[in-house]
Structures are given as C-alpha cells and as structure tokens.
Amino acid sequence: MKLRPFVLSLLCLAGLAAAPASAETSGSPPQGVALVLSGGGARGIAHVGVLKVLEDMRIPVDCIVGTSMGAIVGGAYAAGMELGDMVREIHAVDWVNMFSSSVPREDQPFRDKQDAARNRSAITLGYGDGALLLPQSAISGQAMDRFLTRLAGDAEVLDTFDSLALPYRAVATDLETGELVLLDKGPLWRAMRASMAVPGVFLPIENDKRLLVDGGLVMNLPVDIGRELCGGRVIAVNLGTPPHARERLRSATDIALQAINLALEQNVRQQLARLGPDDALIQVELPGITSRDFERVLETIPYGTEAALRQSASLARFSVDEDSYAKWQTLRQFRWHKRAPVVADIKVEGLKFVPERLFGATLTQKTGEALDPQKLEQDIARIYERGDFDRLRYSVLHDGPRATVQLDADEKASGPNLLRFGGGLAADFEGGSQVGLYAGFSRRWLNTRGGRWDTDLQLGTTNRIRSELFQPLDLDSGWFVAPSVELFNRVLPVFVDGRKLSENKEKGGLIGLDAGYEVGMWGELRAGWRRGRRSSEVTAGPELYPERLIEDGWVHGTATIDRLDSPFFPRRGYAARLRAELHSPIFGADQRYFFTELDGDAATSFGPNVWRMRALLAGSPDRDLPEVGRTLLGGPFRLSGYRYGELAADQVALVSAAYYRQITRLPDTLGRGVYAGATAEWAELRNYGTSLTPDPGRHRAYSLFLGADTAIGPIYVGASYSPEVGDVRYYLQLGQP
C-alpha cells in the first residue's frame, strides 16, 4: 500500500547531532578553509541560500564536509555543480512523491492500475517460506537516488573524493556498531544517500560491507572532521532543530521526539564549542519549519541567505579579489563538464527472481556507445516502475576512456508472491447495500517472458473466484495471451416503481481466452472468447423474472485507457473504456444480442478545486436485452438520487458533473486527501418489450458529499435528491465493494 509514514518525522534526527570526534589531529593543521554543513532534513535546503551569499562575497573554500542534507547540498557543490543549476533541480523536484513508497499512479503498470481501480490491492503483502514478508523500510528512496545522481553529475566510482572539484567527506553511521563512518570514495551519490538514510524510513546503504544509515545519529555538525581535512579555519552552518513549545507537544510521538531532540542537541553544542576566533558560525533560524516539512523546502532558502548576511562582517575576512575567485570557480566547475566515457560492458548484480534478460530488452543504453546518464536513468525508471524492485541503482567504473556500467538490483523483499486484499461496503440506509471483500494471490515471473498468474476471491453481494494466466509473448513485446476461468453467484434486486419487490440469485461459470496488446503503462487493447452457463432463481419475493438455465457464449473486444492520478477522487487526467460483446448461438449462446458500453472520466484541478466529468453510454441496437444484459444504475455517481440497482435499462445515456475541493491533505500512510463537493447527473433510460417498466425516461439527481481518498479505498458520505423521486437519499461507502 502507498506509504509516506509519520516516521518521516524521524528525519528530524538528521537535524540534530553529534558526538565529539574520536581522534585528535596530529602534526601541523592544514591552513585552508573548510565549509561544514549540518543536517536538518527539509531545513537543510537552507544551505543553498548560504552558498549564494558566499559566492556573492567571493569566498572560496578548500573542502566541504557535510551530514545528511548538508552532505547532499555540499556534495553537489563539491562536484562542481553551478548554484543556479542546483536551485533549478530543487525547484523541479516533487518533494511529496520523493518520500512516497510507491510510484505515481500514472507511471504504474496498467494491470496494477486496474487492480487499484477495483480496490483489489489496498493492502499488499509478500509471501514466501510459509511466512508473510514485509518491506524493509517505509520508503525505498528510488526517487531520492535519481535526484542525488543528477546532483552528483553522474554515478562514477571514485578512488577518492579528493579528486572532486573540492575535496569532500560525508558522515554516516554504521547501523551494526553505531560507529561514525567517514565516506571518502565510491559513487558520490551513494555517499550523499548513506549520510541521510534515516533508519526505518529509508533503506540502509551497504558500503564496503558495512550497513550505513544517517550520519546525524553520531555527528551532525562535523567541525572536527572539516578542520582535520583542510581547515585551519572553518565556516560552520548549523540548522539544528530547536525544541518545540509546550502547545506543540500533543502526542506521545511529539514527546518522544522532543526528548530525542533535547538529548542530541547537547552533542551539537560540543562541536560548536570547538569553533575558535578564526572560524565563522552561521546559525540559520527557520521559524515554524520542521525537519519533516519537505513540502516547504523552497521556503528555507531565503532564511539561509538572511542568516549568512547577518554574519557578513565575520565572513568578510574569507573574501578574495575578483580574479582569484574567478579562477577558483573555473577550477571548481571544470570537472562537472568532463567527457562521457564509452560503455564497454553492462553488468547486473543482485537478481534472484527477475531474469537478467529484462534489462537487455529494456535498456536503450548500449555497449560501444558513449554513456548517456539521462537515457540510462530513464531506462532504469521504466524497469523500476514494473514493481519488482525496492531499489535499482547504477554506478560507473572508469577504465581510461571506457567504462563499465554496473546495475545494483534490490528486488522487493516481498518476492514474486503477492497477497492482495481490498473491497468495501456501501449502504443507502433504506435496506439496500453492497458488500465485497477481496483476497487475491499473484505469482510474478512464472517464466523468463514475464508470465503472471492471478487468482482473485470475492465474497459478499457477489461471490466470485477467478483465475487468469497473463502471458506476454516476450519482455519487449506488448502482445499477450490470457486464458481464464471463473465461478460466480450474485444477488440481483428487482425494483418496480421504486420498490424492491424481489431478489434473484444468479450463479454460473465461465471459461475464456483473450489476446491483446498493452499500450505502455496507460492502455490495453483486448479481444477474446467466453463460454459459460448461468442459472437464476428467486430467493425473495414474487417470481418477476422466470427461473431458468442459460447457456451463453460470446466474443468481445475492449479498448481501455487510464491516465487518472487516482481512480476514486482524481485531480487530473482522463480514462475511458469501450467494450463490445456479440452473444450468438455460433459461440454457444441460447440468445443472440449485441451489447456495447462506453465509459469516460476526466478531471482537472485549479489549486484545491477539482472539476470532474463522467459519461456512460450503454445498450444494444437489438433493443430488447435479456435481464442479465441490462445496465443497473443507482448509488453515488450513477444517478445518486436512486438506491443501488433501483434502475435497470436496455439503453443508458448518463452524464455527470462533479465539483469538489480538497479541504485537507492526508499523510501518505493514510491516503491523499479529504474533499467536500457536489454532483449533478442527467440520464436518459430506455426499456423495451421485456422490461417491467416500459420506459423509465429522463432522470436527474443532485448530491452533496464528503469524501476521502484513503489508502484502503474511498470513503464517501453523501445526501442526494432526485426530482423524479422526491425524497432525499443518504449514502455511506467504505472502500470499493
């Protein structure tokens, strides 16, 4: 399930602090200037504002040492990145999705989208060796890895960070021993990433056989390390998180974090006490912004600028003349624009279930060509979005003008076996309800061509068990075949003039074979054949429809597109599905009829305001349909002034318009947002000879509702009115039945 846990609040650890250095320097100290940048979570982007002032004052530095977010900003600057480019990268980041455990919906595989739209995967767990398998961390950090690679310039493995434009060190913590680890070689992005890997929030980083996490746990303001590396003088930038006032200590979590803050802040002070009269301290105050307020990172930059300007008198002694500074900047930025090596080999490490041929079929970066980091990152993103990996990274090992690209794959801890749960309840408070509980099992990578087996069980108003084998023809092909089998029984209400007079139970089974083509992540074309049998019987009330046994068989075709950002309360995007079925004795059916359905949905937003339009056209040119072929209406967004299943028609034309406004945002652990809104719906319904109601005619419905797009599906509470009914109807929906 989609996670952005409250434990992200533990990022405040990265804004706290430090144990004293474990070793004293020996001999004569170096006489350069060390820039020391503290951690601070979201507050750490304020370092960019400080760097702007240092550049304006023409202050060169000889090395950079950083912890957590200070290691990220400092690492990019040490690599030679221009400050303007850094600001543009920070502005371009979707900081909300940066700390999400899941890929944005528009980038998810099409089959996963369809499962989510039916709320069949609200909870997803792995299963293997007779036990449930849980994620290793709240968020994988794949988006963060890509961001850091762009900041670092590439993923080159360096023998020493002294070869960067500026010598650089990042501070991390050994998760097994608690020792301070000074990162001075390897891929720069990995050092930056390890320095801010908050335990339980991000996956730890393995480096030289050590499991590394956030350096703020042991030394958040590494003054001693900066002085030892190059600094006879130190410019230290501290973003320590101040204690919260009493009124903000509202929960056990707040109190626990406050206790941690108070304890660790003492270690920061020990490093501050090591600053001497020749050093400079820039203390950045960020009122109201915490280390976990990543949606506010851009607000921190001006605070960094202001803090540095307040220390301009102290910083002035570090300034140099224009010519000296220009030469320093030229040397700093020179390495950033180095020539790309030719890729001699591409290796993949860490695979268990996913076949290596997936990479060969997906990568457009080929051996013998110059390394194109942007193209390679796009390739890796496409592979990651398939959902098989917790993390997928790459590094570049140079050998003169040639290089080897090594891909490090961390497959999902859940493995290829997935258990999926979902469903929900809907009620109209007048005795009508729908209940559906889902449980599913998926086995991915049945073979090296990407075969997948899905079995779904549904219990409730409709009971169903369905199994499908989805077999792509090859990894680089969108074509597939999909045989399936299904058993079902369901209860169908029968309404006459708004009164439910009876209930029929329908049961049966189907076998089928489909073939189709997946259009990237957003669409599918499918055609196939079905053959089955169904029977109906009256379970309550008079026999309004006769009990009978029906043989059925048909061919069908569907075209589906789904580019909505959410299936329940979308803020942007569109979706459509066109379905056509030809039932005929040729295919084994007792009755011949043709049925078509077109369902469209589109949404657009302006700030917190959302407009959504939906349309449904369904019916048959054969006019008189069997009862199983009629379209049922009623309930939210399907003529909400009517009860579930109250209307049944041979032909339907339904249009609805909805406006809703986001009134609060939910943490990713809980969902997306809470909305208040209204709908207006219009429909033209027609029935013919076999209908109990000859011509339902035109219908209207209006509603007011509160809704939430949660991690377990939609929550909806609404009141609806139809002029044709004359009564107000109330609805409650939890999940998606």
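Naming follows an unreviewed UniProt entry, where the chain appears as NTE family protein of Aromatoleum tolulyticum. Here the chain is described in UniProt, under the heading Subcellular location (unreviewed entry), as follows: "Membrane".

*Asks:* When you look at the overall build of the chain in this model, what are you seeing that I'm missing?
*Replies:* Along the chain, the regular secondary structure elements total 14 helices and 33 strands. Each of the 737 residues in the chain was classed as buried or not, and the buried ones make up 52%. Here the contacts in the chain between residues at least 6 apart in sequence split such that 67% fall between residues at least 24 apart. Summed over its atoms, the accessible surface of the chain is roughly 31400 Å², and 56% of this surface lies on carbon and sulfur atoms.

*Asks:* What exactly am I supposed to notice about the state of the cysteines here?
*Replies:* A covalent bond bridging the sulfur atoms of two cysteines is what the word disulfide describes. One pass over the full model with this rule turns up 1 disulfide. In this model Cys 63 forms its disulfide with Cys 230; the gap between the sulfur atoms is 1.9 Å. As the torsion about the S-S bond is roughly -80°, the Cys 63-Cys 230 disulfide counts as left-handed. Remark: Cys 230 occurs in the loop between α8 (223–229) and β11 (231–238) and Cys 63 occurs in strand β2 (residues 63–67); sequence separation between them is 167 residues.

*Asks:* What should I look at first to understand the pattern of salt bridges in this one?
*Replies:* Charged atoms that come close allow side chains of opposite charge to pair. Evaluated as defined, the whole model comprises 57 salt bridges. Between Arg 526 and Asp 514 there is a salt bridge; the shortest N-O distance is 2.9 Å. Of the two residues, Arg 526 sits in strand β22 (residues 523–540) while Asp 514 sits in strand β21 (residues 499–519), which places them 12 residues apart along the sequence. Comparing Arg 526 with Asp 514 shows no difference in burial state: the two are buried. Across the pair Arg 579 and Glu 581 runs a salt bridge, and its minimum N-O distance is 2.5 Å. Exposure class is identical for Arg 579 and Glu 581. Each is buried.

*Asks:* Explain empty space enclosed by the protein here, please?
*Replies:* To locate leftover empty space, one rolls a probe as large as a water molecule over the atoms. In this structure the tally under the stated criterion is 3 cavities of 30 Å³ or more. Its boundaries defined by the atoms lining it, the largest cavity holds a volume of some 80 Å³. Along its surface, the largest cavity is lined by Gln 142, Asp 145, Arg 146, Thr 149, Trp 189, Glu 377, Ile 380, Leu 392, Arg 393 and Tyr 394. Of all elements in the fold, only α6 (142–152), α14 (373–384) and β14 (389–399) reach the threshold of two or more residues within the lining of the largest cavity.

*Asks:* Honestly, the packing of aromatic side chains in this entry has me stumped. Any pointers?
*Replies:* Each aromatic ring pair is described using two quantities: the centre-to-centre distance and the angle formed by the ring planes. Going through the model one piece at a time under the given rule, you end up with 16 aromatic pairs. Note on Phe 705 and Tyr 716: the rings are 5.4 Å apart at their centroids and 25° apart in plane angle, and the pair reads as stacked. Residue Phe 705 is located in strand β31 (residues 697–710), and its partner Tyr 716 is located in strand β32 (residues 713–721); the two are separated by 11 residues in the primary sequence. Given a relative accessible area of 3%, Tyr 716 falls into the buried group.

*Asks:* I keep staring at a nonpolar patch on the surface and nothing clicks. Help me out?
*Replies:* Taken together, Leu 425, Val 435, Leu 437, Leu 457, Leu 459, Ile 465, Leu 487, Ile 715 and Leu 734 make up a surface patch of nonpolar side chains, about 710 Å² in accessible area. Mapped by element, the contributors of at least two residues to the nonpolar patch are β17 (433–443) and β18 (452–460).

*Asks:* What is the right way to look at the confidence of the model for the chain in this model?
*Replies:* Regions with low pLDDT should not have their predicted coordinates read in detail. Residues of the chain with pLDDT of at least 70 account for 88%, and the chain-wide mean is 85. Confidence drops under pLDDT 50 across residues 1–27; counting only partners more than four residues distant or on other chains, this segment forms 113 contacts.

*Asks:* Hey, could you run me through helix α1 (residues 46–56) in this one?
*Replies:* Note on helix geometry: an α-helix contains 3.6 residues per turn, so any two residues three or four positions apart are oriented the same way. For α1, the tally of buried residues reaches 9 of 11 residues, placing the bulk of the element in the interior. Burial in α1 covers these residues: Ala 46, His 47, Val 48, Gly 49, Val 50, Leu 51, Val 53, Leu 54 and Glu 55.

*Asks:* Before we go on, may I ask you to explain the pairing of strand β20 (residues 479–496) in this structure?
*Replies:* Successive residues of a regular strand alternate their side chains across the two faces of the sheet. For strand β19 (residues 462–472) and β20, the ladder comprises 9 bridges, and the chain directions are antiparallel. When the sheet's bridge partners are listed, Ile 465 is paired in β20 with Leu 487. In this structure, the hairpin formed by β19 and β20 is closed by a connection of 6 residues. By the bridge criterion, 18 bridges tie β20 to β21 in an arrangement that is antiparallel. The partner of Ser 484 across the bridge, within β21, is Gly 512.

*Asks:* I would appreciate a short explanation of the sheet that holds strand β13 (residues 342–349) in the present structure.
*Replies:* Sheet strands line up and pair through hydrogen bonds in the backbone, either parallel or antiparallel. The strand order across the open sheet built from 3 strands is β13-β15-β14, with neighbouring strands paired in mixed fashion. Of all the strands in the sheet, just β13 and β14 have a single pairing partner and so form its edges. Across the sheet, the mean angle from the axis of one strand to that of its neighbour is 20°, orientation sign disregarded. Inspection of the sheet shows β13 paired to strand β15 (residues 402–411) by 7 bridges, in the parallel sense. Bridge pairing in β15 places Val 343 opposite Ala 403. On top of the sheet, α14 reaches β14 and β15; it is set at about 155° to β14, its chief contact.

What counts and how
- Residue positions are given per chain, counting from 1 as you read along its sequence in written order.
- Local features are withheld for residues below a pLDDT of 70 in this predicted model, meaning they are given only at 70 or higher, and side-chain atom pairs are given and counted only at 80 or more; totals for whole chains, interfaces and linings count all residues.
- With hydrogens and water set aside, each side-chain value is computed from the structure's full complement of heavy atoms.
- UniProt positions are given in the numbering used here, feature names are shortened, and annotations may be inferred rather than shown by experiment.
- To qualify as a helix, a DSSP run of H or I must reach at least 4 residues; to qualify as a strand, a run of E must reach at least 2; elements of each kind are numbered from the N terminus.
- Exposed residues in this analysis have more than 50% of their type's maximum accessible area, buried residues have under 20%, and partly exposed residues fall in between, with area computed by a 1.4 Å probe over protein chains only.
- What makes two residues a contact is simply this: any of their non-hydrogen atoms within 4.5 Å.
- Here the open area of atoms and residues is found with the Shrake-Rupley method and a 1.4 Å probe, where only the protein chains shown may cover a residue.
- Cysteine sulfur atoms are paired as a disulfide whenever they fall within 2.5 Å.
- By definition, a salt bridge exists where a carboxyl oxygen of Asp or Glu is found within 4 Å of a side-chain nitrogen of Lys or Arg.
- Each cavity reported here is a set of points on a 1 Å grid over the protein atoms alone in which a 1.4 Å probe fits but cannot get out, each pocket an open set with protein on both sides within 12 Å along at least five of seven lines, and each lining residue one with an atom within 4 Å of a point.
- Grid points are joined across faces, edges and corners, and a volume is the space filled by probe spheres set on the points.
- Centres within 6.5 Å make a pair out of two Phe, Tyr or Trp rings, where for Trp the six-membered ring is used; the pair is then stacked when the planes are under 30 degrees apart, edge-to-face when over 60, and tilted otherwise.
- Patches here are clusters of residues that have more than 30% relative accessible area and form no salt bridge, with a 9 Å joining cutoff for like charges and a 5 Å cutoff for nonpolar side chains (Val, Leu, Ile, Met, Phe, Trp, Tyr).
- On a scale of 0 to 100, pLDDT captures the predictor's confidence in every residue.
- Strands were regarded as paired on the criterion that DSSP finds at least two bridges between them.
- Helix axes use the C-alpha atoms of the stretch in contact, all axes being lines fitted to C-alpha atoms, and the angles between their N-to-C directions lie in the range 0 to 180 degrees.

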